Amino acid sequence: MASSHSSSPVPQGSSRDVFFKKEVDPTKHIRPVQSLPDVCPKEPTGDSNSLCVTPSLVTDQHRWTIYHSKVNLPAALNDPRLAKRESDFFTKTWGLDFVDTEVIPSFYLPQISKEHFTVYQQEISQKEKTHERCKNICPPKDTFDRTLLHTHDKSRTDLEQVPKIFMKPDFALDDSLTFNSVLPWSHFNTAGGKGNRDAASSKLLQEKLSHYLDIVEVNIAHQISLRSEAFFHAMTSQHELQDYLKKTSQAVKMLRDKIAQIDKVMCEGSLHILRLALTRNNCVKVYNKLKLMATVHQTQPTVQVLLSTSEFVGALDLIATTQEVLQQELQGIHSFRHLGSQLCELEKLIDKMMIAEFSTYSHSDLNRPLDDDCQILEEERLVSLVFGLLKQRKLNFLEIYSEEMIITAKNIIKQCVINKVSQIEEIDTDVIVKLADQMRMLNFPQWFDLLKDIFSKFTIFLQRVKATLNIIHSVVLSVLDKNRRTRELEEISQQKNAAKDNSLDTEVAYLIHEGLFISDAFNEGELTPIAIDTTSQRNASPNSEPCSSDSVSEPECTTDSSSSKEQTSSSATPGGVDMMVNEDMKLTDLELEKLANNIQELLYSASDICHDRAVKFLMSRAKDGFLEKLNSTEFITLSRLMETFILDTEHICGRKSMSLLGALQSQANKFVNRFHEERKTKLSLLLDNERWKQADVPAEFQDLVDSISDGKIALPEKKSGVTEERKPAEVLIVEGQQYAVVGTVLLLIRIILEYCQCVDNIPSVTTDMLTRLSDLLKYFNSRSCQLVLGAGALQVVGLKTITTKNLALSSRCLQLIVHYIPVIRAHFEARLQPKQYSMLRHFDHITKDYHDHIAEISAKLVAIMDSLFDKLLSKYEVKAPVPSACFRNICKQMAKMHEAIFDLLPEEQTQMLFLRINASYKLHLKKQLSHLNVINDGGPQNGLVTADVAFYTGNLQALKGLKDLDLNMSEIWEQKR
């Protein structure tokens, strides 16, 4: 039967490794031999490529296959009408109608001749010679027989038809799996009426097995034939072999006896101990499993107990651990089939409870008495709530806290107003019902105390909010830090495991005794740390492999609240409370960082809320113009209080809120406008009532000027008690110079200092004050010019005339203001930002305007004398007596002019003024002499004029301070042509 099968040749190899090399895959190099149908399917664990692809009588018995055909293939191909059927393959295969025709050569294929291979033969000729020479030098060994190799390959091909299950070393039909694989009787247990088909299939199965037996027998016979010489040699030495076997049998018996003794003495007890250890191990597994089930059974009562004490984190950890145990170690337990859904519903209930509990905590924390020294209310409760909310991804709790902050801020103001109004007996709460109207009944000191109380309460409120948010922020940062460290540890662990896996030996031997791994008993001592490590890995990573149900479940694999605490690591909060950081918060680093930023923004929002409520409180009081009616001292006090509160909130929250600052700036602008209008009106009234006479200088104004000289630009503080009365001085002494001034200028200096002091008290209005002060100085300059130079005082005050003394006094007042403009400029420059320095140009313009005004006054004085000279000298006649009446009148007027201005103007200015007057006098005299044709010829007329001029010169130089005045009277004569 074996001879009916043919085998294909395989590549030839060397004789030394032909029987020891790894077998070549027949599917790659050998065309598979068609065998009988495989009625014995391959074992289930075999390769999918090795499964039989032909129809099976067993599996395909209910549908038509090729085996139902009544004529086999060879019979169909054998045509009895042809004498030589094998001579023509195509006729035999395709029938009589096939006609062998000549194939026309293709036009696209070239005609190949031997010349085409000439180049190739020339190239390999040398290599062929070398190959033949090597074959002669190294002939194949005599032991190598190609026929033998061919026969071996043929036998191996035949053996491949036999299923692999028959070749297994542990093949035994007493194994149920093996038996069912070899004899699949389940395929024959069909319904009645198909007995004949089952009998045919059974017969075919028997033939198939017989075929396998024949193949094996043929191969055994072939192997025996190959080793026939060895068998004949063995027969000749059978007696010798029997002696050897007898001796060997005796030695084996002795060895077995010794081994039996050794086994009884040394191994039997140890193996018994190992069996007991394995038995104990299994008992521990069962006990722990039952204990775990009992613990899981107590999950719901334990959760209820934890919730009754607000232990939300413990309850959530217990639920998570229980669900994990149900999915991994207790999976498939029928009694727990509904526990998972119940725990999910309980978890949703806990979410709602935590939100309600956090809302209650926020209300209790923010609405407790503000005089309480405790910064944080129930810190452990807050930490537990935040951990629970983070664990459940309920990140909207900050919105709840924000809403509660708004309500609390409103209540703080309301309660402060109620407390303050209740202390004022003048307010009848029965008549005035609205709280805002009651608040408007307060005067400034009472209202200021109320505002101070509100600001202090807001400061305490923000400190409490900051402390609470710091705890929440610390919890979030702890979770974020734990996530990062856990991820780093996982990466390190993965690297170590990868290195460890590479170093392990892949060939591991197991010692099996009674179907169990004995090595498990030796690892008994290592089970506890392994289980602990497995548990920690499971807790650290939600995606880690679950614990095997075959492993020993240690006591720590329980589901009570203590187990949830073991899965956390502690860290200290700023308040000193140990926070338990759960290792499975389900939040990404990006979400945690965003939440931390939101907490900081919430602190900023708390500051904004307080400032907004304070602004509304201010606006409600300012409805009747109350704030605009405040005097400077009151508004400065209010401004300082508000600025202090703004700085305090900025220090607490880390960011400056702009709402209250904007309201303060708005009120400051209104205050500046009113402040300026009041002082401008006051200055206008003073100027309208000023008679432009020299005023006495009170001692307090002299002290004010002295303090400015010392660098202190501020109003002097009022001294308490009785002060010594000092007489007023005639002039104001400023840095050694005397200034004769009017009363308006003294008050103007005080007003200017009020502007400067207001800038010191309210720095935010510096630019506005600078503009207003510039306007005030311009107003004084223009109005004084109108009243004095423009003679407006004649109608406003009722002066009869504007005298030279009025003009000189006005000039000296302007000079005093010009003296202080650089001081004012430096004061404002020190309080301006560098980008605002351009505003200082206003002082330069003012200084120029004042100098122009002073020059106009000087010109006016010269013009007065010029008109006088023109009037008197136009009537001058050169005749006796000497001095003439004209010159006597001129000297008289000059003396009056000197008397009017000498005590008002400095000596240098007086000299310069009289030089200009003298120049005018010389011009008019020269003109008159030219008109009279009087020349410097030494004649009588020349002598009379010389005498008059000498009289004029003597009188003018006799005046105080003009002795050294260079009059140069020679210029009155025309130059000789």
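Every value quoted in this text rests on a predicted model; they were computed, and no experiment measured them.

Before we go on, may I ask you to explain the overall build of the protein chain in this structure?
What the protein chain contains, in helices and strands, is 31 helices and 6 strands. For the protein chain, the proportion of its 977 residues judged to be buried stands at 38%. Residue pairs at least 24 apart in sequence account for 78% of intrachain contacts in the protein chain once pairs closer than 6 positions are excluded. About 58,900 Å² of surface is accessible on the protein chain, with carbon and sulfur atoms providing 55% of the total.

Looking at this structure, I do not really get the environment of Ser-709. What am I missing?
Looking at where Ser-709 falls in the secondary structure, it is placed in helix H23 (residues 699-709). In this structure the C-alpha to C-alpha distance between Ser-709 and Tyr-820, which are 111 residues apart in sequence, comes to 9.8 Å.

Would you mind showing me how to read unusual backbone geometry here?
It is generally the case that most residues other than glycine have a negative phi and that most peptide bonds are trans. The linkage connecting Ala-880 with the following residue, Pro-881, adopts the cis geometry, with an omega of 0 degrees. Considering the arrangement of structural elements, one finds Pro-881 in the loop between helix H28 (841-873) and helix H29 (885-901). In this structure, Pro-883 follows Val-882 across a cis peptide bond, with omega equal to -5 degrees. With respect to the secondary-structure elements, Pro-883 resides in the loop between H28 and H29. The phi dihedral of Trp-692 is positive, around 55 degrees, even though this residue is not glycine. Within the secondary structure layout, Trp-692 lies in the loop between helix H22 (659-688) and H23. Of note in this structure, Glu-735 is not a glycine but carries a positive phi near 55 degrees. Relative to the helices and strands, Glu-735 resides in the loop between strand E5 (732-734) and strand E6 (737-739). Taking relative accessible area as the criterion, Glu-735 reaches 58% and is therefore assigned exposed.

Just to check I follow, could you spell out the nonpolar core for this structure?
Counting 199 residues, the largest nonpolar core has Trp-447, Ile-817, Phe-828 and Tyr-921 as the members making the most contacts within it. Looking at this core, the element that brings in the most residues is helix H16 (residues 444-503), giving 19 residues. Those residues in contact with Trp-447, other than ones at most four positions away along the chain, are Met-439, Leu-442, Phe-617, Leu-618, Arg-621, Phe-626, Leu-627 and Leu-638.

It is not clear to me how the packing of aromatic side chains should be interpreted in this structure. Could you clarify?
Centre-to-centre distance and the angle between the planes together describe a pair of aromatic rings. With the rule as written, the count across this model stands at 15 aromatic pairs. Consider the rings of Phe-444 and Trp-447, whose centres lie 6.5 Å apart with planes at 40 degrees: the pair is tilted. With Phe-444 and Trp-447 both in helix H16 and 3 residues apart, this pair spans about one turn of that helix. When sorted by exposure, Phe-444 lands in the same class as Trp-447, which is buried. Measuring from ring centre to ring centre gives 6.0 Å for Phe-887 and Tyr-921, while their planes differ by 90 degrees; the resulting arrangement is edge-to-face. Here the residue Phe-887 occupies a position in helix H29, and Tyr-921 occupies one in helix H30 (residues 907-932), the gap between them amounting to 34 residues.

Sorry, what's going on with the pattern of salt bridges here?
Opposite charge on two side chains makes pairing possible when the charged atoms of those side chains draw close. Applying the stated criterion across every chain, the model contains 14 salt bridges. For Asp-453, the salt bridge goes to Lys-457, with nearest N and O atoms at 3.7 Å. In this pair, Asp-453 and Lys-457 are both assigned in helix H16, 4 residues apart and thus about one turn of the helix distant. Relative accessible area serves as the criterion here: at 27%, Asp-453 is assigned to the partly exposed category. Note that Asp-760 and Arg-831 form a salt bridge whose closest N and O atoms lie 2.3 Å from each other.

Looking at this structure, how should I read the environment of Phe-448?
Tracing the backbone shows Phe-448 in helix H16. Not counting residues up to four positions away in its chain, the partners in contact with Phe-448 are Thr-637, Leu-638 and Leu-641.

Explain a nonpolar patch on the surface here, please?
Side chains of Ile-220, Ile-224 and Phe-231 sit close together on the surface and give an oily, nonpolar patch of about 270 Å² of accessible area. Mapped onto the secondary structure, Phe-231 falls in helix H8 (residues 228-236). Look at Phe-231 and you get partly exposed, because its relative accessible area is 44%.

Help me understand the packing of H23 against helix H24 (residues 743-761) in this model?
Helix-helix packing is described using two parameters, namely the angle between the two axes and the distance between the axes. The interhelical angle for the contact between H23 and H24, taken along N-to-C directions, is 45 degrees, at an axis separation of 11 Å. Accordingly, the angle class assigned to the pair H23 and H24 is oblique. Helix-helix and strand crossings are classified by hand; for H23 and H24 the assignment is left-handed. Touching Phe-701, Leu-704 and Ile-708 of H23 are Leu-746, Leu-747, Ile-749, Arg-750 and Leu-753, all from H24. Its residues assigned to classes, the contact of H23 with H24 shows 7 nonpolar, no polar and 1 charged.

Teacher, can you tell me more about helix H10 (residues 299-308) here?
The α-helix advances 3.6 residues per turn, and as a result positions three or four apart in sequence lie on the same side. When we look at burial in H10, the residues that qualify are Thr-299, Val-303, Leu-306 and Leu-307. End-on view of H10: buried residues confined to an arc of 95 degrees, all on one side of the axis. Exposed side chains of H10 directed beyond 90 degrees from the buried face belong to Val-305 and Ser-308. In the segment just after H10, Ser-310 is the residue with positive phi, at about 60 degrees.

Would you mind going over the environment of Asn-889 with me for this structure?
As for its placement among the helices and strands, Asn-889 is situated in helix H29. A relative accessible area of 36% means that Asn-889 is categorised as partly exposed. In this structure the C-alpha to C-alpha distance between Asn-889 and Leu-868, which are 21 residues apart in sequence, comes to 9.7 Å.

Mind showing me how you'd approach a negative patch on the surface here?
A cluster of acidic residues, Asp-696, Glu-730, Glu-899 and Asp-903, forms a negative patch at the surface. By the secondary structure assignment, Glu-899 is in helix H29.

Looking at this model, I keep getting lost on the side chain of Thr-408. Mind explaining?
Within the secondary structure, Thr-408 is located in helix H14 (residues 397-423). Look past the residues within four positions of Thr-408 in its chain and what remains in contact with it is Leu-366, Asn-367 and Phe-461.

I keep staring at the packing of helix H11 (residues 312-328) against helix H13 (residues 379-391) and nothing clicks. Help me out?
Across the interface, H11 lies against H13 with an axial gap of 8 Å and an inter-helix angle of 35 degrees. Where H11 abuts H13, its residues Phe-312, Val-313, Leu-316, Asp-317 and Ala-320 lie against Ser-384, Leu-385, Phe-387, Gly-388 and Lys-391.

Looking at this structure, I do not really get the confidence of the model for the protein chain. What am I missing?
As a note on interpretation, predicted positions should not be read in detail where pLDDT is low. Of all residues in the protein chain, 75% have pLDDT values of 70 or greater, and the mean over the chain is 76. Confidence drops under pLDDT 50 across residues 1-53; counting only partners more than four residues distant or on other chains, this segment forms 71 contacts. Within the model, pLDDT remains below 50 along residues 505-584, and this stretch shows 125 contacts once partners closer than five positions in the same chain are excluded.

I keep staring at the state of the cysteines and nothing clicks. Help me out?
By definition, a disulfide links the sulfur atoms of two cysteines through a covalent bond. Counted by the stated rule, this structure contains 0 disulfides. In this structure Cys-610 is not part of a disulfide, and its nearest cysteine sulfur, from Cys-653, lies 7.5 Å away. Overall, the relative accessible area of 0% leaves Cys-610 in the buried class. Among the cysteines around Cys-756, which has no disulfide bond, Cys-758 carries the closest sulfur, lying 10.0 Å off. Cys-756 sits in the buried class, given a relative accessible area of 1%.

Rules of the game
- Numbering of residues begins from 1 in every chain and follows the order in which that chain's sequence is written.
- The predicted origin of the model limits local features to residues at a pLDDT of at least 70 and limits the giving and counting of side-chain atom pairs to 80 or more, whereas totals for whole chains, interfaces and linings rest on all residues.
- Side-chain numbers come from the whole structure's heavy atoms, not from hydrogens or water.
- Put simply, DSSP marks the helices as runs of H or I at least four residues long and the strands as runs of E at least two long, and each gets a number from the N terminus on.
- The classification of residues rests on relative accessible area computed with a 1.4 Å probe and restricted to protein chains. Under 20% of the type maximum is buried, over 50% is exposed, and intermediate values are partly exposed.
- What makes two residues a contact is simply this: any of their non-hydrogen atoms within 4.5 Å.
- All accessible areas in this document rest on Shrake-Rupley with a 1.4 Å probe, and a residue is counted as covered only by the protein chains that are shown.
- Among buried residues, those of type Ala, Val, Leu, Ile, Met, Phe, Trp, Tyr and Cys that are joined through side-chain atoms within 4.5 Å constitute a nonpolar core.
- Pairing of aromatic rings covers Phe, Tyr and the six-membered ring of Trp, with a centre-to-centre limit of 6.5 Å; geometry is then stacked below 30 degrees between planes, edge-to-face above 60, and tilted otherwise.
- The rule for a salt bridge is simple: a side-chain nitrogen of Lys or Arg has to be within 4 Å of a carboxyl oxygen of Asp or Glu.
- Patch membership needs two things, relative accessible area over 30% and no salt bridge, and members are linked within 9 Å if like-charged or within 5 Å if nonpolar (Val, Leu, Ile, Met, Phe, Trp, Tyr).
- To get an axis, fit a line to the C-alpha atoms, keeping to the stretch in contact for a helix; angles then go from 0 to 180 degrees between the N-to-C directions.
- The cut-offs work like this: below 35 degrees is roughly parallel, past 145 is roughly antiparallel, 65 to 115 is roughly perpendicular, and the gaps in between are oblique.
- For any helix crossing, the convention is left-handed if the near helix is rotated counterclockwise from the far helix by under a right angle, and right-handed if that rotation is clockwise.
- Residues are grouped as follows: Ala, Val, Leu, Ile, Met, Phe, Trp, Tyr, Cys and Pro are nonpolar; Asp, Glu, Lys and Arg are charged; all remaining types, including Gly, are polar.
- The arc in question is the one traced by the directions running from the helix axis out to the C-beta atoms.
- Residues scored as charged are limited to Lys and Arg (positive) and Asp and Glu (negative), so that His and the chain ends carry no count.
- By convention, the point assigned to a charge is CZ for Arg, NZ for Lys, CD for Glu and CG for Asp.
- Confidence of the predictor at the level of single residues is captured by pLDDT, which takes values from 0 to 100.
- In plain terms, two cysteine sulfur atoms within 2.5 Å form what is called a disulfide here.

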